[in-house]
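Architecture and fold: a report
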Amino acid sequence: QVQLVESGGGLVQIGGSLRLSCVASGRTFSTYAMGWFRQAPGKERNFVAAINWSNGRTYLADSVKGRFTISRDNTKNTVDLQMNSLEPEDTAVYYCNGITNTYTNYWGQGTQVTVSS
């Protein structure tokens with residue numbers, strides 16, 4: 001069983017930056033990829049970014065390309081999301097996600113990101 005814990009959320013002004021972190025523990029030997037999803041109030045949970053745990057290849061949603069960067073340190077079992085040029089539309093609860101080699105999903109508890117002027 002995998003446990004994920006996020007941190008780094010908070011309140012930031014438009015155009016500001018935040019860095020989210022996620023630490024994985026447990027049965028991480030089978031990790032295939034990790035990433036981030038977000039969910040705004042009253043909306044569905046949407047994909048934000050992902051990274052292959054073995055080779056580091058990254059994937060980003062079109063809405064965050066050029067602004068967000070995902071990275072990982074598989075020796076520390078951590079994945080980070082650097083968020084720059086934040087917009088009000090980025091306001092959401094951000095969830096860390098892990099996928100095993102058998103496509104089992106694990107989720108963190110979420111961290112709130114609020115972007116406002």
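Here we look at the layout of surface pockets
Approximately 180 Å³ is the volume attributed to the largest pocket. What lines the largest pocket is a set of 13 residues, and nearest its centre among them are Arg38, Ala40, Lys43, Asn46 and Glu89. With three residues, the top contributor of residues to the lining of the largest pocket is strand β5 (residues 46-52). Counted by class, the lining of the largest pocket contains five nonpolar, four polar and four charged residues.

Digging into the packing of aromatic side chains
If you walk through the whole model with that rule in mind, you get three aromatic pairs. With a centroid separation of 6.0 Å and an interplanar angle of 55 degrees, the aromatic rings of Tyr32 and Tyr103 are classed as tilted. Taken together, the positions of Tyr32 in strand β4 (residues 31-39) and Tyr103 in the loop between β9 (92-100) and β10 (105-107) put the pair 71 residues apart, joining distant regions of the chain. Put simply, the rings of Phe37, Phe47 and Trp107 touch in pairs and so form one group of aromatic residues.

Section: unusual backbone geometry
A negative phi angle characterises most non-glycine residues, just as the trans form characterises most peptide bonds. A positive phi is found at Asn77, a non-glycine position, where the angle reads about 60 degrees. Mapped onto the fold, Asn77 is located in the loop between β7 (68-73) and β8 (78-83). Unlike most non-glycine residues, Ser85 shows phi in positive territory, near 50 degrees. Among the structural elements, Ser85 can be located in the loop between β8 and β9. Given the relative accessible area of 40%, Ser85 is considered partly exposed.

Brief notes about the environment of Glu44
In this structure, Glu44 sits in the loop between β4 and β5. When residues no more than four places from it in sequence are discounted, the contact partners of Glu44 are Arg38 and Gln39.

Things to note about the state of the cysteines
Counting across every chain of the model gives one disulfide. Here Cys22 is linked by a disulfide to Cys96, with a sulfur-sulfur distance of 2.1 Å. Measuring the twist about the S-S bond at about -85 degrees, one finds the Cys22-Cys96 disulfide to be left-handed. Taken together, the residues span a long stretch of sequence, with Cys22 in strand β3 (residues 18-26) and Cys96 in strand β9 at a distance of 74 residues.

Describing the pairing of β8
Counting buried positions over the six residues of β8 gives five, a clear majority of the element. Examined bridge by bridge, β3 and β8 share six bridges and lie antiparallel to one another. Note that in β8 the partner of Val23 across the bridge is Thr78. From the end of β7 to the start of β8, which pair antiparallel, there are four residues, and Asn77 there has a positive phi angle of about 60 degrees.

The rules behind each value
Residues numbered from 1 in each chain as written. Predicted model: local features only at pLDDT ≥ 70, side-chain atom pairs only at ≥ 80, totals over all residues. Heavy atoms only, no water. 1 Å grid on protein atoms, 1.4 Å probe; cavity = no way out; pocket = protein on both sides within 12 Å on 5 of 7 lines; lining within 4 Å. Points joined across faces, edges and corners; volume = space filled by probe spheres on them. Helix = DSSP H or I, 4+ residues; strand = E, 2+ residues; numbered from the N terminus. Nonpolar A, V, L, I, M, F, W, Y, C, P; charged D, E, K, R; others polar. Phe/Tyr/Trp six-rings, centres within 6.5 Å; stacked < 30°, edge-to-face > 60°. Buried < 20%, exposed > 50% of the residue type's maximum accessible area, 1.4 Å probe, protein only. Contact = heavy atoms within 4.5 Å. Disulfide = S-S within 2.5 Å. Pairing = 2+ DSSP bridges.

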